[in-house]
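Report on the structure
What follows is each chain in one-letter form.
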Amino acid sequence: MADGKAAIEGPKDPCRMVYAIFFWLGIGTLLPWNMFITVNAYWAHKYSPKNISVLWENGTSIDQQTEDLSAIWTGYLAVASMVPNVIFLILNGVFGHRFKTQPRMLVSLVFVILLFVFTSVMVQVDTDLWQSTFMYVTLASVVVININAAIFQGGILGVAGKFPPAYMGAVFSGQAVGGIFASGTNVVVLALGASPTQAAFFCFVLSVIFMGTALIAFMVSTRSEFYKHYLGEVATSTEMPDDHKLLETSPDHKVKIPVKVSPLSVLARIWTFGLAVLLTFLVTLGCFPAITVRVESTAEAGEWSTKFFIPVCCFLLFNVGDYIGRFLAGLIQWPRPGKLGGVLTLFFSILRVCFIPLFLICNAAPEHRELTSVLLKSDTAYIILMSLFSISNGYLGSICMINAPQVVLNEEAQTAASLMVALLGIGLGTGAFLSNFFVKLL
């Protein structure tokens, strides 16, 4: 259906409640990842080398320095986050349509909340004597968090794919706001004079509260007639045994024959948008935050260059630009669904590969360059580059996710959305993996 899905007449969304809840849930889908990477100063403090006194059995005390784990933490965090995320996004895209959406979304969100409570508690625990053990325990919790976050993200985007396109846009706009929420909170708390540990604790506790409200909001949305209509949860279908639901009657009394959904058939029709979203996020994770976080300000030494430059110009600016891009995508919605729209979207996503060499020639790790030279030393050049990078990421990613469910049958929309999420995850995972090699080009 190259001209897009036809609009389905049904009950109205009172006060746009379901739309607002989808936006709220969108914030929660990427909140775990955003919170973990935003509080970078906290992890650097936790894993930095420290002088500790070791008391031996004979009663003597010897001062020792712990291993510097901060250098390897970022790479370990990326692997622990992206590998399980990608695997479960793919599994969700292939097999998700076989399971009930609501129970797996609720259970996965509960697990994320519980593990963030654990993460918040560990902020207050002195781990200097067992840094290595703490790191592996944290990485294990990150794996479980991202498994459940992937299940939740795949579920909510799959559900959004059955609603009008604006609702998919609401989820994606929410994801961008989640990044702003995380990075903005960190900047504000640091500006108020909090230490990295205090800032991290506040961010994690705030995440627990936020995701708790998201859980309640989702349960409320599932009770609305608007939600039930688009999910096909009509009263007549629940009154018939499954064995007798061979034919269903639509509101206009036309007989609908159930369609068997084939993920491969759906993939064949959305492949241009799928490849575009994969490349878009591959380039994004290939640069951000691995390369972008290494850029140093050329301003005079002070709080701006040492304390706020990266939190503001890297994390906060990226998330604000990402939101602007997603907002514009919902407003403009070009390229349109169809073959030409898919080819154009893929072309623009390929153009974004140019950002990789451009960030490499910025003022990233200027004192430790081996292969390339710094050609864009200006802070202004970096800010402009980051703005274009983030806006294009939000715009193209949203266009792909909005358009793909519209080029398939209504019954295949949820599968199309889930497959798009899986391809998005592959892009994230591949980009995170390649970022380790891109950094070596500095």
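One structure accompanies this document, and this report is about it. (Residues numbered from 1 in each chain as written. Predicted model: local features only at pLDDT ≥ 70, side-chain atom pairs only at ≥ 80, totals over all residues. Heavy atoms only, no water.)

Observations concerning the pattern of salt bridges
For clarity, the cut-off: Salt bridges are counted wherever a side-chain nitrogen of Lys or Arg sits within 4 Å of a carboxyl oxygen of Asp or Glu. To qualify as a helix, a DSSP run of H or I must reach at least 4 residues; to qualify as a strand, a run of E must reach at least 2; elements of each kind are numbered from the N terminus. The buried label goes to any residue with under 20% of its type's maximum accessible area, the exposed label to any with over 50%, and the partly exposed label to all in between, with areas taken from a 1.4 Å probe on protein chains only.
Scanning the model with the defined rule gives two salt bridges in all. Here R326 makes a salt bridge to D322, at a shortest N to O gap of 2.9 Å. Placement of the pair is R326 and D322 together in helix 12 (residues 303-332), with a separation of four residues, close to one helical turn. Grouping residues by exposure puts R326 and D322 together as buried.

Thoughts on the packing of aromatic side chains
Just so we agree on the cut-off: Paired rings are identified among Phe, Tyr and Trp, the last through its six-membered ring, by centres lying within 6.5 Å, and are further divided according to the angle between planes into stacked (under 30 degrees), edge-to-face (over 60) and tilted (the rest).
Enumeration over the complete set of coordinates arrives at 37 aromatic pairs. Taking 5.7 Å as the distance between ring centres and 70° as the angle between the ring planes, the aromatic pair formed by F288 and F315 counts as edge-to-face. Of this pair, F288 sits in the loop between helix 11 (263-287) and helix 12 while F315 sits in helix 12, and the two are 27 residues apart along the sequence. Its relative accessible area of 5% is what places F288 among the buried residues. Aromatic pair W334 and F348: ring centres 6.0 Å apart, planes at 55°, arrangement tilted.

A word on the packing of helix 1 (residues 17-29) against helix 6 (residues 131-160)
Working note: a packed helix pair is described by the angle between its axes plus the distance between those axes. Put simply, the test is: Axes here mean lines fitted to C-alpha atoms, for a helix over just the part in contact, with angles spanning 0 to 180 degrees between N-to-C directions. Here roughly perpendicular refers to angles of 65 to 115 degrees, roughly parallel to angles under 35, roughly antiparallel to angles over 145, and oblique to all remaining angles. Crossing handedness: left-handed means the near helix sits turned counterclockwise from the far one by under a right angle, and right-handed means the same turn made clockwise. Contact definition: two residues touch when any of their heavy atoms are within 4.5 Å. We call Asp, Glu, Lys and Arg charged. Ala, Val, Leu, Ile, Met, Phe, Trp, Tyr, Cys and Pro are nonpolar, and the rest, Gly among them, are polar.
Look at helix 1 against helix 6: their axes get within 10 Å of each other, and the N-to-C directions meet at 150°. Compared by their axis directions, helix 1 and helix 6 come out roughly antiparallel. Like other packed secondary-structure pairs, helix 1 and helix 6 cross with a definite hand, here left-handed. Contacts between helix 1 and helix 6 involve F22, L25, G28 and T29 from the first element and A149, F152, Q153, I156, V159 and A160 from the second. Among the residues making up the contact of helix 1 with helix 6, the classes are represented as seven nonpolar, three polar and no charged.

Looking at the state of the cysteines
Spelled out, the test is: Cysteine sulfurs are considered disulfide-paired once they come within 2.5 Å of each other.
For the structure on display, the rule yields zero disulfides. A disulfide-free cysteine, C287 has its sulfur positioned 9.7 Å from the sulfur of C362, the nearest such atom.

A few points about the nonpolar core
Just so we agree on the cut-off: Throughout this description, the term nonpolar core refers to a set of buried Ala, Val, Leu, Ile, Met, Phe, Trp, Tyr and Cys residues connected via side-chain atoms within 4.5 Å.
By size, the foremost hydrophobic cluster in this structure holds 114 residues, and its most contacted members are F22, F163 and F359. Within the second largest apolar cluster, six residues are counted, among which are V187, V189, A199 and F308.

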